[in-house]
Structures are given as C-alpha cells and as structure tokens.
Amino acid sequence: MPYTTKAEAVILDDGNFVIRDGSNPSTIYWQSFDYPTDTWLPGAKLGINKHTGKVQRLISWKNSEDPAPGMFSVGVDTNGSGQFFIEWNRSHRYWSSGDWNGQIFSLIPEMILNHIFSYSYVSNENESCFTYSLSNSSYLSRFVIGVHGQVQQLLWVEGPWRWLLFWSEPKDQAGVYSLCGIFGVFHVSSNFCECLKGFKPLVQNDWSSGCVRKSPLKCQNKSSVGKEDGFLKMSDLALPANSKTYQKVSAGRCRLDCMEKCSCMAYAYNNNNGCSFWEGDLIDLQQSGISGGRAGAEIYIRLAASERELQIGNGSTRTGGTTKWKLRTAFAVAIPTNLITLALFMYFRCLRKGKLTRKGKEYKGHDLLLFDFDTNHRSTDNESSSVDNRKKRWSKNMELPLFSYESVSVATGQFSDKLGEGGFGPVYKAWKLWRSNKASDMMDPTLGDPPSTSMLLRYINIGLLCVQESPADRPTMSDVISMIVNEHVALPEPKQPAFVAGRNMADQGRLMSSAGSPSTNNVTITAIDAR
C-alpha cells in the first residue's frame, strides 16, 4: 500500500472486513475473507491458492472464551478430490463430506432439501476453492467449526431472532476425534468429558488441552522408592487406535511386558486379537457401549503408585502396595502347598485301608509298597513268600510310608485323577514352564499387578521350592515368609518336584540302600469328629 494513499477500514454488508483505498474503494489492500477464523460467511472462499500454496480453512477457537487457534479445523482436500475434511490437530482426519457432484456433497444429503443456499466449486490453474451464496440477500447464514469439533451451518431466523441449526457434522459428538483431549474420556451416554482417574485437566474448561497425571510414574524416576506403578481396569471402552498387537502372547505375559516398558500407557487382551499395547499419550477414549462403530472392550490403564486404589465406571478396583501383593502371593504359595500335602496324606491313608483294583485284580493298599521296592509287579510264586514278609515288615514299622513315582502313577491312572486342587498336573506344568524359561506364563490375573517380572519369578521360585521331591530340600513356612519379605536375598534353584516324569536315581539309590533297615518312628494322628 503506497504511503501517499488514504486508507480506510470498513466492514462491508456481507461481513467482510476490508482495508481499502479511500479514494478508490474498489482497490482492496487486505480483507478478512482471505483469513477465515472459525466462521465461513457467504462470498468467502475455502480452498488453496496454487501459486502461493496458502490454504484457507476454518480453525476452531481454543475454548469458548479464548479465540486462539484450537485443535479442530475444516477445509478442502488440498489433493483436489473436491471433498471437505475435518481434522484434529491439522493431521488426523475424522470426517469427510464425500465427493462433490456439482450440487451437493454426497455425505451431506440435507444440502439438497433447501432452496436458500447455492454452492459452487472452482478449480483452475490459480486455485481450487468452494464458495456459497444466498438466494435471498435478506437472509443471514454462517458456517462454524465449534470448539467441540463439529461443523455447523446456521441460519438467522426472524421472529424468534436466533440462529437455527440447518445441519451439523459429525451428527454425533462421539464421532469427534479426541473430543476430551489426551487422557480424557468422553462418556457417550451423558455427553460429558472426564479425566481418567489419577489425572487432572491441564487447563480448566479447556478439554482440547487434555489431562495430565496428578502423580508421576515411578518407572520414570528410577531413584524413587515405595509403591510400584499399577493398572486400572476400564470396561465398555472404545479402544484407541494406533496400538501394537502381539497375538502369540498370554494374558499374564501381556500385563508383565507392558509393566516392564515404561512407555506403555495401557494394554488390552482378548482371545481373538491377543495382546495390544498403547505407548505414549492415550487419545480418543470413549466409554459406554458402541461409539463410532467401535465396540466397547476392557483396557488396563497404567497408573502411578499413589493412584492405584481407584475405580472408574464399571472398572474393578486395584488396591496398591507391594506389601498387599506379597501377602496375597504368600497365601497363594502357602495355602495350595499345605492343601496338597493334606490331600496326599488323606488319599494314601484311605488307600492303605481300602482296596485298589488294577487290571481286574484286587490289590490291598499295602500292595502299593511292592511298586516301591519291586517295580516288577509280576512276581513269581517263588518270590511271593519274601514279598509277603517284606510287606508285613514295612506295614508294621511305617504308619505313613513314602511312595515312588511308579506307585502313585498306578494309583492315579497315570495321573489322570487329580488329587485336590493342587494336583500333579499343575505342578508338572509349572516345573515344565520354569525349565523352559516361560514361568511368567503362569501369572494369574486375579493376583493383581506384580511390581516386576523378577519379583513374580521369585514367588514362582519359592512355590517350586515348596514342592521339591526331597522333603529335606523343602523350606519351612517360616523360611517361605522370610524369602518373601527379604526380596533381595538370593534364592536357591529349585530341584524337580515330586511326581514328575522320573525320580532322581541318586536319591532313589540312597533310599534303596537304606530300605533293608529302616528306623522305627512313632507318628501320632488325630482324628477330628463332629460333635
């Protein structure tokens, strides 16, 4: 603009704010129509200048009181497809108008029902843009991209003297991407935003800024001590996009892998899709039912240690603290171990007083001893006398004899009969996973959140120590508690459990060598009867 020119600023009747030559009004130096904010008025253009590359788009306000640029925008496809797109953060497209057919956009059928607006699309060597006009100049209309991510066409109505909504897209707020910002949850049924438990709004009344943690994660501060980070279960949640999926992973391993990776902010597991991780900020969280075509599911959100005793929606409460987890684990180790021992005692006690049928022949309980010291149960008549003497001697001297793998294998039908809830099958499976370095797959999700993989493996190690084949190798219960409490003390490597495939031949040899002269022990058994 020349310095000698007399300039003037004027708001024209169409709403365009211009700076023009005062002596020659047709000469415009600057106009607001070239720089739309959140509002598109008739006569203004939305498109791209092919010479300068400048894009004219609508950008929402930051919030209802702050006109600074917000997170939502709407504009023409710069690739020339003739569509409008609504984007979040100028990058993520979450709505399209559909193709322009010369009269309307294919995904906005409301446009064909009116005789008020006239739309046009221009594409030439200079520009590609849309504009619209009104059939009656007395009407007032505007397009707006709102702070809640919806684009609306409004018409001013005389009489009521208010703006009438003509159409809006997306029609449902649930279709707006990241409406509540990072770590914010949109409740579909009640149309309101809320931060995840353990988080707070970064800026009050500004959901576009999202939420931040109230307390930092412990894994982000290696020098911190105290409680460990954990997870909060949320139900009926439309899972966010951009997950990493691992199909051949168990539920326990899924949880542990996410726990060990500090950048993992959430995980989910189901039998169809396997394990899914989310790293970095969680975006576009929506709760309740099906929203935007995405079915609700369960997801576990990472929480700081101080925020673990929380609950949201139908989510389950996760109590925090390593101490509570240790106590649960102590019971999980101690109770099954004692139940197995008691079940074995009662089972073999009944066997001694009952009869065992094998291959159509009846064996009394005492005959099981034959499998311990004469595994060839097809004894000849010449051997029967010595066998009977051996039976009587052992039956007289031992109230609770020890049985080998072979004898118990026969008694349980090759371990097809489960003795108690412990049973030989689970012990064998645990030992097999331990030996193959897959012990973490034994993780039961009902135990809660292990502080670390190493701690979980420590507790499994303790459990296997409790079921070693030789009683002399097994720790006492006081030793077990000490192992759990003193977590930095190294543990011995467990030996094979009792009743796995094969007995330790060295130990069996020692037992065989001492079998001829066993010591006599007195055992007291108390029978408990109901009153």
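Since this is a predicted model, take the numbers as computed values, not measurements.

Colleague: Got a minute to help me understand the sheet that holds strand E1 (residues 7–11) in this structure?
Modeller: By way of backbone hydrogen bonds, the strands of a sheet pair with one another, either parallel or antiparallel. What the three strands build is an open sheet, ordered E1-E2-E3; its pairing is antiparallel. The open sheet has two free edges, formed respectively by E1 and strand E3 (28–31), since each of these has just one partner strand. If you compare each strand with its neighbour and ignore which way they point, the axes differ by 20° on average. Note that strand E2 (residues 17–21) and E3 share three bridges and pair antiparallel. Directly across from Val18, in E3, lies its bridge partner Gln31.

Colleague: Would you mind going over the packing of aromatic side chains with me for this structure?
Modeller: Two aromatic rings are characterised by how far apart their centres lie and by the angle between their planes. The final tally for this structure, using the stated rule, is 23 aromatic pairs. Each ring, one from Trp30 and one from Tyr35, has its centre 5.6 Å from the other, and the planes form 10°; the classification is stacked. When its relative accessible area of 33% is taken as the criterion, Trp30 is described as partly exposed. Given the relative accessible area of 43%, Tyr35 is considered partly exposed. Taken together, a centroid distance of 4.6 Å and an interplanar angle of 20° make the contact between Phe183 and Phe199 stacked. In this pair, Phe183 sits in the loop between strand E15 (162–169) and strand E16 (184–187) while Phe199 sits in strand E18 (residues 199–201), placing the two residues 16 residues apart along the sequence. Clustering of aromatic rings is evident, with ring pairs tying together Trp40, Phe84, Trp100, Phe105, Phe117, Tyr119, Tyr121, Phe130, Tyr132, Phe143, Phe166 and Trp167. Across from the ring centre of Phe183, 5.9 Å away, lies the NZ or CZ of Arg213, which sits over that ring.

Conventions and cut-offs
Here the residue numbers are simple positions, counted from 1 along each chain's written sequence. Totals for whole chains, interfaces and linings use all residues, but because this is a predicted model, local features are given only for residues with pLDDT of at least 70 and pairs of side-chain atoms are given and counted only at 80 or more. Side-chain figures throughout are based on the complete set of non-hydrogen atoms in the structure, without hydrogens or water. Should DSSP find at least two bridges between two strands, the strands are taken to pair. Elements are defined by DSSP. Helices are runs of H or I of four residues or more, strands are runs of E of two residues or more, and each kind is numbered from the N terminus. A fitted line through C-alpha atoms represents every axis, and for helices the fit uses only the stretch in contact; the resulting angles, taken between N-to-C directions, go from 0 to 180 degrees. Pairing of aromatic side chains here covers Phe, Tyr and the six-membered ring of Trp, requires ring centres within 6.5 Å, and sorts the geometry by plane angle: under 30 degrees stacked, over 60 edge-to-face, intermediate tilted. Here's how the labels work: a residue is buried when its accessible area is under 20% of the maximum for its type, exposed when over 50%, partly exposed in between, all with a 1.4 Å probe on protein chains only. Throughout this description, the term charge over a ring refers to an Arg CZ or Lys NZ atom that lies within 6 Å of the ring centre and within 35 degrees of the ring normal.

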